[in-house]
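Results of the structural survey
Here is how the chains run, residue by residue.
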Amino acid sequence: MSETYSATDLPDTDQLYRFAFGSGHVRGVAVSVDNSWQTAGEHHDYPPAVAQLLGQCVAAALVMVATLKFDGRLILQFRGEGPISLLVVQARSDLTYRVTAQWGDELQVNELDQSIQALLGHGVLALTIEPTEGVRYQSLVPIEGDRIAEALEGYFRQSEQLPTRLELAADDQHSVGLLIQQIPGEGGTPMVHQAAASDEFAHLSILMGTLDTQAGRLELHTTPVPVLLHRLFHQEDLGFSDIRPIDFYCGCSRGGVSQMLHSLGRTELEAALRDSEVPAHVSVRCEFCGHRYNFDAVDVEQILLDTSVKAPDSTRH
Ligand SMILES: [Zn+2]
């Protein structure tokens, strides 16, 4: 692990950086999400208040997927009864992701930095882990705190019991996340090591705490991640273990939509043909990427007759 690195030599857009500190007690993940986030928002026209929160969720989901050693996808979901009712990010272990959100007319669209309690109301944070092979796991916790980062720190405290610090900042162009986490001790780790790990985590948390103000979050949002890491941790023995690109990828397909339609059955599809906004077609718009799939009466008949279509698997898309 190297003590020196040149912040200016590292790529700084649509990248995820994994790093660890020399002692091996604390690891970190940072992301800068840029062009991919603009692509994700292209078809949605997110109000600024939604873009701010959803962008933070993107950064959070990506740093979280990188802390897990698994192949599959992580779904981060905030559900509430406030002006914003849904924020969803699906992040895959290959660092591709897609997003969707729902909000109502009562949302004060241009008022930024509002509390998530005000925006989401009494809500639930759902975190789902879907390994490509193996058992799906979901955890539900009440939404705590005023910011997405606080709610997720609460999740880590309750569900994973790993000391974790997270900072997030986003607008509709650019999203940044920074996480540090105490590495889980092996069973039987000597007490003295545990104490050293806790001390080091506390020390690094204080350094990261300089971001926990309005000015700090502005600094987080406007500073290239490698420069920011250097600024925060230049006196620490920080070494990068992994730097990988991030991208937007929906993964929806005409075949996948056909499967979903098949499961609806004849009555519903015939009604959809009659009432469609695209005349004489069943028209389905992907809620993630905005792509529209149109099926005419002949297509619909084929979908209904196609016995090879399996019932859609709710865990795949
Ligand atoms: Zn799509």
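Residues numbered from 1 in each chain as written. Predicted model: local features only at pLDDT ≥ 70, side-chain atom pairs only at ≥ 80, totals over all residues. Heavy atoms only, no water.

With that settled, the discussion passes to the environment of Ser258. As for its placement among the helices and strands, Ser258 is situated in helix H8 (residues 254-264). In the structure, Ser258 is positioned 41 residues away from Asp299 in sequence and 9.1 Å away in space, judged by C-alpha atoms. In this structure Ser258 touches Phe295 and Ile303, once residues within four positions along its chain are discounted. (Helix = DSSP H or I, 4+ residues; strand = E, 2+ residues; numbered from the N terminus. Contact = heavy atoms within 4.5 Å.)

Attention shifts here to the layout of surface pockets. Once rolled over the atoms, a probe with the size of a water molecule shows which space is left empty. Here the second largest pocket defines a volume of roughly 410 Å³. Lining the second largest pocket are 20 residues; nearest its centre among them are Gln52, Gln56, Asp113, Ala170 and Gln214. Residue assignment for the lining of the second largest pocket shows that the elements contributing at least two residues are helix H2 (48-67), strand S8 (164-170) and helix H6 (214-222). Broken down by class, the residue content of the lining of the second largest pocket amounts to 8 nonpolar, 6 polar and 6 charged. (1 Å grid on protein atoms, 1.4 Å probe; cavity = no way out; pocket = protein on both sides within 12 Å on 5 of 7 lines; lining within 4 Å. Points joined across faces, edges and corners; volume = space filled by probe spheres on them. Nonpolar A, V, L, I, M, F, W, Y, C, P; charged D, E, K, R; others polar.)

With that settled, the discussion passes to helix H7 (residues 225-233). Here H7 has its buried residues at Val225, Pro226, Leu228, Leu229, Leu232 and Phe233. Considered in projection along H7, the buried side chains sweep an arc of 160 degrees and stay on one side of the axis. The elements touched by buried residues of H7 are strand S1 (15-21), strand S2 (26-33), strand S9 (175-182), helix H5 (191-209), H6 and strand S10 (238-245). (Buried < 20%, exposed > 50% of the residue type's maximum accessible area, 1.4 Å probe, protein only. Arc of directions from axis to C-beta.)

As a further point, take the coordination of the zinc ion. For the zinc ion, every protein donor is listed as Cys250 (SG), Cys252 (SG), Cys286 (SG) and Cys289 (SG), and the spread of their distances is 2.2 to 2.3 Å. Around the zinc ion, the 4 donor atoms sit at angles spanning 105 to 115 degrees, and that spread fits a shape best called tetrahedral. Within one chain, the residues donating to the zinc ion are spaced in sequence as C-x1-C-x33-C-x2-C. One exposure class covers both Cys286 and Cys289, and it is buried. (Donors = N, O, S within 2.8 Å, 3.2 Å for Na, K, Ca; no water. Tetrahedral: all angles 85-135°; square planar, octahedral: opposite > 155°, others 65-115°.)

This part is about the pairing of S1. Of all 7 residues in S1, 6 are buried, a share of seventy percent or more. As paired elements, S1 and S2 share 6 bridges and run antiparallel to each other. Residue pairing for S2: Tyr17 is matched across the bridge by Ala30. A loop of 4 residues connects S1 with S2, the two strands running antiparallel in sequence, and Gly24 in this loop sits at a positive phi of about 85 degrees. Where S1 and S10 come together, 7 bridges link them in antiparallel fashion. Within S10, the position partnered with Gln15 by the bridge is Pro245. (Pairing = 2+ DSSP bridges.)

A sheet is described by the order of its strands in space; here 6 strands give the open sequence S7-S6-S3-S4-S5-S11, paired in mixed fashion. The sheet terminates laterally at strand S7 (137-142) and strand S11 (247-248), the two strands that pair on one side only. Bridging between strand S3 (residues 72-79) and strand S4 (residues 84-92) involves 7 bridges; their strand directions are antiparallel. Bridging across to S4, Arg79 finds its partner in Leu86. Packed onto the sheet, H2 meets S3, S4, strand S5 (96-103) and strand S6 (124-131) and runs at close to 30 degrees relative to S4. In the packing of helix H4 (residues 148-160) onto the sheet, contacts are made with S3, S4, S6 and S7, and the angle to S7 comes to roughly 120 degrees. (Axes fitted to C-alpha atoms, helices over the stretch in contact; angles between N-to-C directions.)

Note that every value here comes from positions in space, so none of it alone points to a role or purpose.
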